[in-house]
Every structure is written in structure tokens, then in C-alpha cells.
Amino acid sequence: MKQGKIHIYSGDGHGKTPAALGEALYAASEGKTVVVIQFLKADHLMSAEYLKRLEPEIKFFRFEKSSAEYASLDEAAREEEKMNIRNGLNFAKKVLSTGECDLLILDEVLGLIDVGILSVEELRTLISAKTEETTVIMTGIQLSDEVCMLADEVSKIETVNFKVF
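Trainee: Any chance you could explain the overall build of the protein chain here in plain terms?
Mentor: Across its full length, the protein chain holds six helices and six strands. Starting at the N terminus and walking to the C terminus, you meet the elements of the protein chain as β-α-β-α-β-α-β-α-α-β-α-β. The C-alpha radius of gyration computed for the protein chain amounts to 16 Å, which stays within 12% of the reference 15 Å derived for 165 residues, consistent with globular compactness. Its C-alpha atoms give the protein chain principal-axis dimensions of roughly 50 × 45 × 35 Å. In the protein chain, which comprises 165 residues, the share counted as buried stands at 44%. Once local pairs closer than 6 in sequence are excluded, the contacts in the protein chain between residues at least 24 apart make up 75%. When the accessible area of the protein chain is evaluated, it comes to approximately 9300 Å², of which 52% is carbon and sulfur surface.

This is the structure:
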């Protein structure tokens, strides 16, 4: 049986989510099941009609109720979204502990650390619930050494601008 790994796609460049979704498509093409849980993003991607056609091989979840980005919310709305996000994290733990999928993508979960919703220790506890066969991909901009230690592989995505004169 193949052992699942923990991967992180991080950095200030664009393409972390597309890279993770590319892995989802690759896994689905091999007959594997995929669960994608998105955090801290407006619902523009989750409302895309084509995503529904990828089910049942790839299932998408977003527990936040607001269509606005988390950073733009007032304090009361943020508190409500924190509860929704916690529900999403509990769902992720259930998915990991039951082996419900072959690949779990926690899109922008590292951002939850940045905004104080999740601690590194809570993230460690979450991913320790995974079965041996499940692979986890986590994305986010900021990356600490402590978070790096949780992963088998870390990919840093950065924007490089080349100007041709």
C-alpha cells in the first residue's frame, strides 16, 4: 500500500491553488477520490458550474457563508465566519480520520494561521489524524519553519518578473 504524503504549496506567487487542483485532476484521472476544502477565499471559484461536473471523483467544500473575503468583513461577521471555518476544520479531521479520500486539499489553510484562527499545534493535530494512505496538500502564502516541519515536501511558488529591453 502506498503511503500518503503531506505537501505544502506556499509563497507569494500566483498558482498555489491551480497547482493543487492540477494534482486533484491527476489523482482523479487515476481513479482516486479527492476532497478539496477551501478557506479564506471569496466564493468565485466554488460557484463555478464546471466544478460540479468533476464530482464524485473531486468534491469541493467551502464552509464560509460570506461571499466577501475574510479580511474585508467587520468584527461580527468575522466571528461568525470563524465558527464556520472551525466546522470546515472539523470536517477535514473527519475526512482524514476515516480515510474518506485518497487526496485532501486544504486550500489556504496556512492563511488560517496568519489570521489567528488556527495555531500550528492545531494544524499538527489535524494532519496527524490522517490515515497512512491519504495524501494531504496544504496551500498558503506564509510559511514558518515550524509548519515546514509538518510536511514531507514543500514547494515555494514565487513571482519572477523578467523585463526584456
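Trainee: Sorry, what's going on with the side chain of Thr 134 here?
Mentor: On the secondary structure map, Thr 134 appears in the loop between helix H5 (120-128) and strand S5 (135-140). Not counting residues within four places of it along the chain, the set of residues in contact with Thr 134 comprises Gly 4, Lys 5, Leu 96, Gly 99, Cys 101, Asp 102 and Leu 104.

Trainee: Got a minute to help me understand H5 in this structure?
Mentor: In an α-helix, one turn spans 3.6 residues; hence positions three or four apart end up facing the same way. Those residues of H5 that fall on the buried side of the exposure criterion are Val 120, Leu 123, Leu 126 and Ile 127. Around the axis of H5, the buried residues are gathered within 115° of arc, so they sit on the same side. Buried-residue contacts for H5 involve strand S1 (6-10), helix H3 (75-98), strand S4 (103-107), helix H4 (109-114), S5 and helix H6 (145-148).

Trainee: For this particular structure, what's the right way to read the packing of aromatic side chains?
Mentor: The description of an aromatic ring pair uses the distance of the two centres, along with the angle that the planes make with each other. Across all of its chains, the model carries three aromatic pairs by this definition. Taking the centre distance of 6.4 Å and the plane angle of 20° together, the rings of Phe 61 and Phe 63 count as stacked. Exposure remark for Phe 63: the relative accessible area of 22% places this residue in the partly exposed category. Seen from their ring centres, Phe 61 and Phe 91 are 4.7 Å apart, and the 55° between their planes marks the pair as tilted. Highlighted residues: Phe 61 in strand S3 (residues 58-62) and Phe 91 in helix H3, separated in sequence by 30 residues. For Phe 61, a relative accessible area of 25% gives the class partly exposed. Residue classification places Phe 91 among the buried positions, given a relative accessible area of 16%. An aromatic cluster is defined as three or more aromatic residues linked by ring pairs; in this entry it consists of Phe 61, Phe 63 and Phe 91.

Trainee: Would you mind going over the nonpolar core with me for this structure?
Mentor: The tendency in soluble globular proteins is for nonpolar side chains to be buried side by side. Residues Phe 39, Leu 104, Leu 106, Val 109, Leu 112, Leu 123 and Met 138 are the most contacted members of the largest nonpolar core, which totals 32 residues. When contributions to this core are tallied by element, the ones reaching two or more residues are S1, strand S2 (34-38), H3, S4, H4, H5 and S5. No other element matches the six residues that H3 contributes to this core. Ignoring anything within four residues of it in the chain, the contact list for Leu 112 reads Phe 39, Leu 40, Ile 85, Leu 89, Ile 117 and Leu 118. Within the second largest apolar cluster, 15 residues are counted, among which are Tyr 9, Leu 21, Ala 24 and Phe 60.

Trainee: I'm lost on the sheet that holds S1 in this one. Help?
Mentor: Sheet strands pair via backbone hydrogen bonds, and the direction of the pair is either parallel or antiparallel. Taken in spatial order, the six strands make up an open sheet running S3-S2-S4-S5-S1-S6, and their pairing is parallel. Of all strands in the sheet, those bounded by a partner on one side alone are S3 and strand S6 (153-156). The mean angle between the axes of side-by-side strands here comes to 15°, regardless of whether they run parallel or antiparallel. In the sheet, S1 pairs with S6 via four bridges, with the strands oriented parallel. Pairing of His 7 across the sheet is with Glu 153, part of S6. Sheet strands touched by H3: S2, S3, S4 and S5. Its angle to S2, the strand with the most contacts, is close to 160°.

Conventions adopted
- Positions within a chain are numbered from 1, following the residues in the order the chain's sequence is written.
- Only residues with pLDDT of at least 70 get local features here, since the model is predicted, and only at 80 or more are side-chain atom pairs given and counted; chain-wide, interface and lining totals rely on the full set of residues.
- In computing side-chain values, all of the structure's heavy atoms are included and hydrogens and water are not.
- Runs of E in the DSSP output that reach at least two residues are strands. Runs of H or I that reach at least four are helices, and both are numbered from the N terminus.
- Note on method: radius of gyration uses C-alpha positions; expected globular size equals 2.2 Å times residues raised to 0.38.
- Only protein chains enter the area calculation, which uses a 1.4 Å probe; residues under 20% of their type maximum are buried, those over 50% are exposed, and those in between are partly exposed.
- Here, residues are in contact when the closest pair of their heavy atoms is within 4.5 Å.
- Surface accessibility in these figures is a Shrake-Rupley result with a 1.4 Å probe; residues are shielded only by whichever protein chains are displayed.
- Within this analysis, the arc is defined by the directions that extend from the helix axis to the C-beta atoms.
- Pairs were defined over the aromatic rings of Phe, Tyr and Trp, the Trp ring being its six-membered one, requiring ring centres within 6.5 Å. Orientation was assigned from the angle between planes: stacked under 30 degrees, edge-to-face over 60, tilted for the rest.
- Put simply, buried Ala, Val, Leu, Ile, Met, Phe, Trp, Tyr and Cys residues joined by side-chain atoms within 4.5 Å make one nonpolar core.
- By this definition, two strands are paired if DSSP reports at least two bridges between them.
- For helices, the axis comes from a line fit to the C-alpha atoms of the stretch in contact; other axes are also lines fit to C-alpha atoms, and the angle between any two N-to-C directions lies between 0 and 180 degrees.

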